[in-house]
Each structure stands twice: as C-alpha cells, then as structure tokens.
Amino acid sequence: MKLKISLVVLLGASSLFASSELVTKAKNAGLEPIPSSKPELMKLIDDKKDPITDAKVELGKKLYFDPRLSRSNLISCNTCHNLGLGGADGVPAAIGHGWTANPHHLNSPTVYNSVFFKAQFWDGRSPHLADQAQGPVQAGPEMAAPPALVEERINSIPAYVDEFKNAYGKDVKVDFAKITETIATFEKTLVTPSRFDKFLSGDSKALAKEEQEGLTTFIDKGCTACHTGIALGGTMQPFQVAQQYKFTNVGDFKGDKNGMVKTPTLRNITETAPYFHNGQIWSLNDAVKEMGSVQLGITITDADAAKIVTFLKALKGDKPAIVYPELPESTDKTPKPSFD
C-alpha cells in the first residue's frame, strides 16, 4: 500500500514539474495569460484619458447593435462581428451595403480580444479600436454611412443624447468621433479568458495531458513566431515567408506597403472559420498544415496538426454575458434609410 501511495505521489510530482516546465517554456516563447483579476486586466485595457465606465459600455453596446448607424438601417457592427458567432460572421468575405461582398475578398476578423491587438484591420492601418471603429461605418461596401448622417441619426433620438450626457457629461458633443469611441469602449470589454490562461497562471490541471502535448508541439514547430503575446496574434508579420499560400489569388489583398499582414488571434479560433484573410480554408487542421508550409517551410503531419488543434480548442474562452439591448426609438427627425 505504501509503495502504491509513493508511486502516486511521485507521478503527481513529476506531472507538476513537467507542467511547470511547459509554463516556463510557453512564457519564454512570448505567450502571456489574460489576467485573472479585474484590476490587472483594467491596467491593460483601460485608457486614463477616456476611462471605461458602466454607462459608456452600455451605450457602446447599444450603438454596436444598432443598424441605424448604417445607410440602409439594416447593418450593425454585430452583422459582421456577430457576438454569438465568435465575433465574426462565418462567411469567406464580408457582405455589406446592398449585398456587396468585400471588394478585396477580405474575411471579417473576430472582435473578441481585439483590445489586445497591436494593430487593427488586415493591413494594420489603424493603431487602436477607436480609430478602427470609424472605418466600417463609412466604407461603401460595409455600412456606407457618412459621418454627418450618423451624427444626424443619433442626435435626432433624444434618448441617445441623454445617454451620452449621462456617460460623458452635459456638455458632450455627440459627433462621429465620440459615437465610434463609445463603440470601441464596449469592444474593449469583449475579453475571453480560457483554461489556457489558468494554466499559464499556475493551475497545472487546467489543461489536460493531450492539450499540454499540443501546446508543446505548437511551440516546438515554431507557431509562436507569429502567434504570440496575450492575444496569440494581433501583430504585423510577413506573410508567405517560405511558400506561396495556395489561395493567394483569391482577392487582391497583398498586405501593407511592406507586405506585412496582421496575424489573426488564435483565441476562440474554433468558432471563427473560415480561415485566412480571404476565408478560403474551413478546416482548422488544414489551416495548421497550410501555415506550416507557407510560414515555416515545414510539413506538419496529420498527427501533429491534430495535436496542435487539440491545444487550440483549449483557447475557447468564457464570453462576457451580453443581453441584447432595447434600442431607443427613432423620431420624425431621424433620417430615413437609403438603399442606393
């Protein structure tokens, strides 16, 4: 009996040691956990110049779901970044105003955890969420609403004006910048901590043995060269380093002026198919193997791809509870929808 107990203790200690070594290895590879405490998280996502408050978040949520920010009154931020679909839309190329597909055949990236991204948009042209939020509202193939129209719509609704005053003070100017900044404030709260974060923070039992093996394979194959940091992505990286992406000719996107492309986050990756900037690969296993070829110049076997995917599944996080808001009523002064 004593021998059996000793073996159990030894095996347990060995497992704890191995897990501890893996945590160190992961952190040395640049992987970081989402903080478990709210104060520590707020240090990462809050802005002293425009602090996050409950009033701003609730108002931002309403604006995020309000289709009246689009020319047609049909498209909201949630249309392409659906919070019930992993923060994306589940189609290869985003569909916008007048059923127009994105002219560059670009896929909608997830909005979850986007506060951690170092750059926004596939070409990284926006440095932060507040700037990014302005783009899709105005873009012709997306929401197609000029800033003046958005301002007129929101200011024609007294309940919205009152909410802005409540959130920012009675002298607030409800302009396009303030409207989109408020949406960004809501988006900052869309953070999804997972079992992986608990593991990195010291809970050796948070990941199963198979998931730890997948994490080891993920690191050893070199995936953390691009998928690193707290978001496991979100930075600008060169694309097609070793080989040409097999669907490179679908759409005309070639990255920024230096050929750099924003690396997608791997958090909640099981929910955000299809993959790559032009949404051409639906299987996560196939996406892993394609990245091995295109970025690392290696062949990732089916077995190793399966191990990595087992780990990636552990990155599905806990979503914040979102109650669909009741939106304030339009008035006789609210501009009517347009479909041209």
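Look above for the structure.
Notes on the structure follow. (Residues numbered from 1 in each chain as written. Predicted model: local features only at pLDDT ≥ 70, side-chain atom pairs only at ≥ 80, totals over all residues. Heavy atoms only, no water.)

Attention shifts here to helix H3 (residues 54-65). Its twelve residues give H3 an end-to-end C-alpha distance of 17 Å, which sits within 8% of 16 Å, the value for a rise of 1.5 Å per residue. Of all twelve residues that make up H3, nine are buried, and the element is covered over most of its length. Lining the buried residues of H3 we find helix H4 (77-80), helix H7 (147-155), helix H8 (158-168) and helix H9 (176-188). (Helix = DSSP H or I, 4+ residues; strand = E, 2+ residues; numbered from the N terminus. Expected span 1.5 Å × (residues − 1). Buried < 20%, exposed > 50% of the residue type's maximum accessible area, 1.4 Å probe, protein only. Contact = heavy atoms within 4.5 Å.)

Quick look at the packing of aromatic side chains now. This structure, assessed with the given rule, holds nine aromatic pairs. Centre to centre, the rings of Tyr64 and Phe186 are 5.3 Å apart; their planes meet at 65 degrees, and the pair counts as edge-to-face. Taken together, the residues Tyr64 in helix H3 and Phe186 in helix H9 connect sequence positions 122 residues apart. An angle of 50 degrees between the planes, with centres 5.2 Å apart, marks the rings of Phe218 and Phe311 as tilted. Placement of Phe218 in helix H11 (residues 209-220) and of Phe311 in helix H13 (residues 302-313) is noted, with a sequence separation of 93 residues between them. (Phe/Tyr/Trp six-rings, centres within 6.5 Å; stacked < 30°, edge-to-face > 60°.)

A few words now on the pattern of salt bridges. Tallied over the full model, the rule gives 19 salt bridges. One salt bridge in this structure joins Lys178 and Glu181, with 3.6 Å as the shortest N-O distance. In this pair, Lys178 and Glu181 both sit in helix H9, three residues apart, roughly one turn of the helix. Here Glu181 falls in the partly exposed class, since its relative accessible area comes to 26%. Through salt bridges with shared partners, one network takes in Glu213, Lys221, Asp304 and Lys307. (Salt bridge = Lys/Arg side-chain N within 4 Å of Asp/Glu carboxyl O.)

All right, on to unusual backbone geometry then. Following Ala273, the chain continues to Pro274 via a peptide bond in cis, the omega torsion being 5 degrees. By secondary structure assignment, the location of Pro274 is in the loop between strand E4 (260-262) and helix H12 (284-296). Backbone geometry places His105, a non-glycine residue, at a positive phi of 60 degrees. By secondary structure assignment, the location of His105 is in the loop between strand E2 (100-101) and helix H5 (129-132). Despite not being glycine, Leu232 shows a phi value in the positive range, around 50 degrees. Take Leu232: it is sitting in the loop between H11 and strand E3 (236-238).

So, about the environment of Ala101. Mapping Ala101 onto the fold places it in strand E2. Given the relative accessible area of 39%, Ala101 is considered partly exposed. For the pair Ala101 and Pro141, spaced 40 residues apart in sequence, the C-alpha separation works out to 6.8 Å. If we ignore the near neighbours within four places in the chain, the residues touching Ala101 are Ala94 and Ile95.

Geometry only, nothing functional implied.
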